[in-house]
2 protein chains.
Amino acid sequence: FKGLWSNLRAVVVNSWEVGRSDPRKVVFSAKLGLALALISFLIFWKEPLPDISEHSVWAILTVVVVFEFSIGATFSKGLNRGLGTLSAGGLALAMADIFTVGSLATFAKLYPTLKAYEYGFRVFTLTYCYIMASGYRTNEFMGTAVDRFLLIALGAGVGLLVNVGIYPIWAGEDLHNLVVKNFFNVANSLEGIINQYLNCVEYKRIPSKILNYQAYDDRLYTGYRSAVESTSQEDTLMGFAIWEPPHGRYKMYKYPWRNFVKVSGALRHCSFMVMALHGCILSEIQAPADRRRVFQDELQRVSTAGAKVLRELGNKVKKMEKLGSLNILDEVLKAAEDLQTKVDRKSYLLVDANSWEIGKPPIEFQDIQDISKTDDNDPFKYHGYHSFSEARLDLGTSRSPETTNLPFAATNGFHKSLTREFSFKPERMVIQDEGDTYKSASVLSLVTFTSLLIEFVARLGNLVVAFEELSETAKFKAPVAEGKVE
Amino acid sequence: FKGLWSNLRAVVVNSWEVGRSDPRKVVFSAKLGLALALISFLIFWKEPLPDISEHSVWAILTVVVVFEFSIGATFSKGLNRGLGTLSAGGLALAMADIFTVGSLATFAKLYPTLKAYEYGFRVFTLTYCYIMASGYRTNEFMGTAVDRFLLIALGAGVGLLVNVGIYPIWAGEDLHNLVVKNFFNVANSLEGIINQYLNCVEYKRIPSKILNYQAYDDRLYTGYRSAVESTSQEDTLMGFAIWEPPHGRYKMYKYPWRNFVKVSGALRHCSFMVMALHGCILSEIQAPADRRRVFQDELQRVSTAGAKVLRELGNKVKKMEKLGSLNILDEVLKAAEDLQTKVDRKSYLLVDANSWEIGKPPIEFQDIQDISKTDDNDPFKYHGYHSFSEARLDLGTSRSPETTNLPFAATNGFHKSLTREFSFKPERMVIQDEGDTYKSASVLSLVTFTSLLIEFVARLGNLVVAFEELSETAKFKAPVAEGKVE
C-alpha cells in the first residue's frame, strides 16, 4: 500500500511538472472537458426529441475526434470528417454494396497523394457502413442521414467553438518557435564543439548512442541533432499551420509557412557541417594540441562570429524583423578569411614539417603533371615515409580483428564500441615511439577541421538568402534600431 | 465531359500503377471490404436481438478503426482500444462527472510517456461519455456497457481474424526491408560521389532544394538522404513490429527489432560522412583535377571496397546470415591504409608546392612550440602569401553584398541560390591570373575529402559491431559457403 501511495505521489508530482512546463496542455484538457460537458448537456436537454438523443453518440464522437491540440489540426480533421460524411451519405443513397465501397475507399486511402485525407476516408467507410446498416434495419436512409448530419454538425460546432474561442493553440506558432529554437541549438553546438576542440577535450569512450545516432544527452550532440531531427515535426506542424486562419502576429492570407520550413532546411544544411566538425572530435585521428593552439585565435573568432550570426538570425525570426542595412555576414566572413589566410601562411604546419627533412622533394617534383609516373618508378625514394606507413598499417589491422573476432558476449552488456575501444590512442601508444608517424596523419586532420568550418561559413550565406526570402514573403517589419540610420 | 473522361482514365491508370508496384495495398483494401461485409452480415443476421443491432455502429467502428495496414499496428491499436473501453466502462460505473474525467483523460494523453497510448485515451473518453449519456437516458449502465463490450469484441474478432488470417502484412518485414534498402542506397551514393569527384563533374548550379535539405531527385543525394531521413519511419515500424507475434523468418519470442534500428543508426552514422563527402562536391573550393588524378586509384579502391562492404552487409542482413570467418573489413582497411600512405608520401602535393619556393620555412620553424611568436613578429616574411590572401578576401566580400543587398524580387521565381551564383568560379575568374592563390586553398580541400573518406572507413567498424550484435541477438544462421571451410 505504501508503494502504491509513493507511486501515486510520483505521478502527481510529474503531472504537475508537465503542466507547469507547458500550461497549454492543462488548458487544452480543460477545454475538451468543457466541450464534452456542453454537448452532453445539449443532448439531454433535447429529451423531447428521442430520435436525436438516441444517436447522441455521433455528436460525442465528433467532439472527441475533431478536438485536436492545435487549431490547424482541428480544422483539417474537421474538413476531412465533413467530406467523408457527406460523400458517404450521398453514395449510400446511390449504391448499396458494402464490400465494393469499403475496398475502394480503403484503396484510395493508400493512394500516395491522398495520404493527407487518410482520416476522411476512414470516416467515409464508417459512415457508409452505418447508414447502410441502419437503412437495412429501418429502411429509412434519408432519416438516418439527416439525423446524423445534424448531430455531427452540432458536435463539430461545439467542438470548434470551444477550441477556437477559448485560448486557441496554434500549430503555426509552434512551428515558428521550433525554427527559432533550432537556430539557438545549432549556435550552442557550434561554440561548444570548437571550444572542446581547442581545449583538446576528448571523449574517454564515445557513447555508443552517438555512434548509432540515437538520442543521447550530450550538450554538443543534442544541439545539432535536434535541428537535424526536426524535419518530420516541421512537416507535420506545417501541414496543420496552413489550415489556420490569419491570427495574432500572422495576419496574412496564405501565410508563407513553407518558407519557415525552408529556412529551417537551410539551417539544417549548415548544421550538417557542425555535425561533421563534431565528427572530428569523435575521430580517432586527433590533431596535436600545439598545432591547434597555433590556429586557436582564428578558430575561436570564426566560432564566435558564426554563432553570433545564427543567434542574430534566430532573434530576427523570433521578432519577425528584417535584416538591417549592415551585412550580417561581414564579421564571420572576415574571420573565415583570416583563418584561411593563416592556414595559407602556415600550411607547412599542416603537413608534417619534420618529414620534409627526410625526403624533401626535388624541384622537378613540383611539376605536377607527371608526378605519379616519376614516383611510382622509384619506390624507395620515400623509404622514410614508407616505413612509417607500415607502422600505421599495423595499427589499422590490429583494430579489425577485435571488431570481428572477439567473443561477442563481452560487449553485450555495455553496448560499447569495440572499434574505438581497441583502436590506437595516440598519446599513450604511438607518439612516444613514433611521433612522426602519428603527426603526418593527425596534422592533416586539422586541415579537415578548418575546411569544414570554412564550408560552414559558406553555407551561412545560403541560410541568409533563405531568411531574406522568408522576411520578404512573410512581410517582416523593418528592424527597429537601425531603421532610423537608413 | 472529355476532360472528365481523361481525368478518370489517368486516375485508373495511376491506381493500376500503385496497385502493381505494391500489390499488398490492393490485398489490404479487399481484406477490409471483406471484414466489413462479414460484420454487417453478422449484425443483420442477429435481427432477433434488436438491442444489439441498434448499437451495431460499435462493431463497425471497431473494425474500421482497428483495421490497420500492418499486423503490429492492428494489435497495438486493438489493445489500446480494449484498455480504453474497459477502464472507461469501469470508471463510468463508479463516477459520473463528464467534465472531470474528460479533462483528466485528455491530460494523461498529453503526458509524454503515455504518448503511445494516445489512441486508447481517446477511445476511453468516447466510451465514458457515451455510457454516461446512455445511462442518463435509460438508467441502464450495466446493460449499455455489456452490449457495447460484446459488439466491440465481435468487431475486433472479425477484424483480427480477417487481417491476420488472410495474407497478413507485417511491420517487422517492412522494417527489415527498409534497413536492407538503406545499405544499398548508401553504397550507391558513396560510389557515385567518388566517381563524380574523380571525374570533376561539378553542379552547374546547385539545386536550392539540396541547399535547403528538401527532397530532390539527384541520384547521389537521394541515396544517403533516404538513409538519414528514415529515422522516424523506422521508429514507427519498430513500434508496431514489437507487437507482432513470431512469424515467418522471425521465429523468436521478443524478436530484437531494436537491433535492426540500431544497425540502421550505425549505418546512418556512416552515411553522415558520405553526406560530408558530397558536401565537398557542393563546395565552391574545388581541388584541381590534376591533383585528384594523383590519388585516383587509391580513392577509387576505397570507394569500391567500402561500397562492397556495405552491399555485403546489406545482403547479410537480407539473408539473415552471420559474417564469415574472413574479416569483411580487410579489403577496405587495406585500401584506406594505402590511401593514407599515399597521402603521407605526397603530402607536399596537398599544400601548394609552389609556395614553398617563395617562403620556404627555415629549419628552426619546424620547432613548432614557439612558431606562433616568431611568425607574428615578422609579418612581412610571408608577403607572398599575404597578398594572395587579400585577393581571396576580396572574393569573400564580393560574395556577401549580393547575398544581402540584391533586390529580392529577382530570385523569387527560381529560388536559386544567390551565394553560389555570384561566388567565384575558380576556373574562369581566378586560376588564369592568380593560379597559386587558388591552389593553396583548393589543394587543401583534397585533404578534407580524403580524411572524410578515411573517417567513413573508420565508422564502418562500428557498423560491423552493430551488425554482429544483431546477428547474435537475432540468431542469424551461419553463412552457407564459408561454413564448410571453418
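Residues numbered from 1 in each chain as written. Chains lettered and ligands numbered in written order. Predicted model: local features only at pLDDT ≥ 70, side-chain atom pairs only at ≥ 80, totals over all residues. Heavy atoms only, no water.

A. Structural context of the overall build of chain A. Check the secondary structure of chain A and you find 23 helices and zero strands. Counting over 486 residues, chain A shows a buried share of 57%. A separation threshold of at least 6 residues defines the contact pool for chain A, and within that pool the share at least 24 residues apart is 82%. Counting only carbon and sulfur atoms, one obtains 61% of the accessible surface of chain A, whose full area is about 20700 Å². (Helix = DSSP H or I, 4+ residues; strand = E, 2+ residues; numbered from the N terminus. Buried < 20%, exposed > 50% of the residue type's maximum accessible area, 1.4 Å probe, protein only. Contact = heavy atoms within 4.5 Å. Areas by Shrake-Rupley, 256 points an atom, 1.4 Å probe, with all protein chains shown as cover.)

B. Quick look at unusual backbone geometry. With a phi close to 55°, Cys200 of chain A is a non-glycine residue in the positive phi region. Locating Cys200 of chain A in the fold gives a position in the loop between α9 (171-198) and α10 (208-211). One non-glycine residue, Tyr213 of chain B, adopts positive backbone phi at about 50°. Take Tyr213 of chain B: it is sitting in the loop between α10 (208-211) and α11 (219-229).

C. Seen up close, the pattern of salt bridges. This model, assessed by the stated rule, comprises 20 salt bridges over all chains. In this structure, Arg459 of chain A and Glu455 of chain A form a salt bridge, with 3.2 Å as the shortest nitrogen-oxygen distance. A residue pair is termed a helical-turn pair when its members lie 3 or 4 positions apart in one helix, as Arg459 of chain A and Glu455 of chain A do in helix α22 (residues 426-473) at four residues. You'll find Arg459 of chain A and Glu455 of chain A in the same group, each marked buried. Where Arg311 of chain B meets Glu191 of chain B, a salt bridge forms, and the shortest distance between an N and an O atom there is 3.1 Å. Of this pair, Arg311 of chain B sits in helix α15 (residues 296-319) while Glu191 of chain B is found in helix α9 (residues 171-198), placing the two residues 120 residues apart along the sequence. Residues joined by salt bridges that share partners form a network here, namely Arg301, Lys334 and Asp338 of chain A. (Salt bridge = Lys/Arg side-chain N within 4 Å of Asp/Glu carboxyl O.)

D. Molecular detail of the layout of surface pockets. Space inside the second largest pocket adds up to approximately 680 Å³. Along the wall of the second largest pocket there are 30 residues; nearest its centre are Met238, Ile242, Trp257, Arg258 and Asn259 of chain B. Going through the elements one at a time, α10 of chain A together with α12 (231-241) and α13 (257-282) of chain B are the ones with two or more residues in the lining of the second largest pocket. Sort the elements by how many residues they give to the lining of the second largest pocket and α13 of chain B lands first, with seven residues. Taken together, the residues that form the lining of the second largest pocket break down as 13 nonpolar, seven polar and 10 charged. (1 Å grid on protein atoms, 1.4 Å probe; cavity = no way out; pocket = protein on both sides within 12 Å on 5 of 7 lines; lining within 4 Å. Points joined across faces, edges and corners; volume = space filled by probe spheres on them. Nonpolar A, V, L, I, M, F, W, Y, C, P; charged D, E, K, R; others polar.)

E. Seen up close, α13 of chain B. Between its first and last C-alpha atoms α13 of chain B spans 36 Å; for 26 residues at 1.5 Å apiece the expected length is 38 Å, and the two agree. The buried count for α13 of chain B comes to 25 of 26 residues, which makes it a mostly enclosed element. (Expected span 1.5 Å × (residues − 1).)

F. Structural view of the packing of aromatic side chains. Applying the stated criterion across every chain yields a total of 20 aromatic pairs over all chains. With a centroid separation of 6.4 Å and an interplanar angle of 90°, the aromatic rings of Tyr213 of chain A and Tyr221 of chain A are classed as edge-to-face. Pair check on accessibility: Tyr213 of chain A and Tyr221 of chain A agree, each one buried. Pairing Trp257 of chain A with Phe260 of chain A gives two aromatic rings, centres 5.5 Å apart and planes at 35°, and the pair type is tilted. Of the two residues, Trp257 of chain A and Phe260 of chain A both sit in helix α13 (residues 257-282), three residues apart, roughly one turn of that helix. Grouped by ring-pair contacts, the aromatic residues Tyr213, Tyr221 and Tyr224 of chain A together with Phe272 of chain B constitute a single cluster. The aromatic ring of Tyr213 of chain A is capped on one face by Arg225 of chain A, whose charged end is 4.7 Å from the ring centroid. (Phe/Tyr/Trp six-rings, centres within 6.5 Å; stacked < 30°, edge-to-face > 60°. Lys NZ or Arg CZ within 6 Å of the ring centre and 35° of its normal.)

G. Representation of the nonpolar core within the structure. Membership of the largest hydrophobic core comes to 166 residues, with the highest contact counts inside it found for Leu463 of chain A together with Phe456 and Leu463 of chain B. Beyond its immediate stretch of four places on either side in the chain, Leu463 of chain B contacts Phe183, Val263, Ala266, Leu267, Cys270, Leu310 and Leu313 of chain B. By size, the runner-up hydrophobic cluster in this structure holds 37 residues, among which are Ala59 of chain A together with Phe28, Val63 and Val65 of chain B. (Core = buried A, V, L, I, M, F, W, Y, C linked by side-chain atoms within 4.5 Å.)

H. Molecular detail of the packing of helix α12 (residues 231-241) of chain A against α13 of chain A. Residue and element names in this part refer to chain A. At a minimum axis separation of 9 Å, α12 and α13 run at an interaxial angle of 170°. Considering the angle they form, α12 stands roughly antiparallel to α13. Contact with α12, carried on its side by Thr231, Glu234, Asp235, Met238 and Ala241, involves Trp257, Arg258, Val261, Ser264 and Arg268 of α13 and no other residues of that element. Partitioned by chemical class, the residues of the contact of α12 with α13 number four nonpolar, two polar and four charged. (Axes fitted to C-alpha atoms, helices over the stretch in contact; angles between N-to-C directions. Parallel < 35°, antiparallel > 145°, perpendicular 65-115°, else oblique.)

I. Focus on the state of the cysteines. All chains considered together, the criterion is met by zero disulfides over all chains. With no disulfide of its own, Cys280 of chain A lies closest to Cys280 of chain B among cysteine sulfurs, the gap being 11 Å. Given the relative accessible area of 11%, Cys280 of chain A is considered buried. The closest cysteine sulfur to the non-disulfide-bonded Cys270 of chain B is located on Cys280 of chain A, 16 Å from its own sulfur. (Disulfide = S-S within 2.5 Å.)

J. Up close: the packing of α9 of chain B against α11 of chain B. Residues and elements named next belong to chain B. For the pair α9 and α11, interaxial distance at closest approach is 8 Å and the crossing angle is 145°. As α9 runs across α11, the sense of the crossing is left-handed. Listed contacts from α11 to Asn182, Asn185, Val186, Ser189, Gly192, Ile193 and Gln196 of α9 are Arg219, Leu220, Tyr221, Gly223, Tyr224, Ser226 and Ala227. Along the lines of polarity and charge, the residues of the contact of α9 with α11 split into six nonpolar, seven polar and one charged. (Left-handed = near helix turned anticlockwise from the far one by under 90°.)

K. Looking closely at α12 of chain B. Where α12 of chain B is concerned, the buried positions are Thr231, Glu234, Leu237, Met238 and Ala241 of chain B. Projected down its long axis, α12 of chain B shows its buried positions confined to an angular sector of 130°, all on one face. Considering only its buried residues, α12 of chain B is in contact with α11 (219-229) of chain A together with α9, α11 and α13 of chain B. (Arc of directions from axis to C-beta.)

L. How the structure looks around the confidence of the model for chain A. Residues and elements named next belong to chain A. Here chain A shows a mean pLDDT of 71. Residues at 70 or above account for 62%. Scored below 50 in pLDDT, residues 361-438 shows 126 contacts in the model against residues more than four places distant or in partner chains. Confidence metrics for the complex model read pTM 0.74 and ipTM 0.72. (pLDDT = per-residue confidence, 0-100.)

M. Fine view of the environment of Ala59 of chain A. Mapped onto the secondary structure, Ala59 of chain A falls in helix α4 (residues 57-66). For the pair formed by Ala59 of chain A and Leu36 of chain A, sequence separation is 23 residues and the distance between their alpha carbons is 9.5 Å.

N. Quick look at the environment of Val343 of chain A. All names here are of chain A. If you trace the backbone, Val343 turns up in helix α16 (residues 330-345). A relative accessible area of 2% places Val343 in the buried class. A sequence separation of 329 residues divides Val343 from Asn14, and the C-alpha atoms of the two residues are 53 Å apart.

O. Summary view of a nonpolar patch on the surface. On the surface, a cluster of nonpolar side chains totalling about 320 Å² of accessible area is made up of Leu34, Leu38, Ile166 and Tyr167 of chain A. For Ile166 of chain A, the location among the structural elements is in the loop between α8 (141-165) and α9. (Patch = residues over 30% accessible without salt bridge, like charges linked within 9 Å, V, L, I, M, F, W, Y side chains within 5 Å.)

P. Geometry of the side chain of Glu298 of chain A. All names here are of chain A. Examined against the element boundaries, Glu298 turns out to sit in helix α15 (residues 296-319). According to the relative accessible area criterion, Glu298 is buried, its value standing at 14%. Ignoring anything within four residues of it in the chain, the contact list for Glu298 reads Asp338, Leu339 and Lys342.

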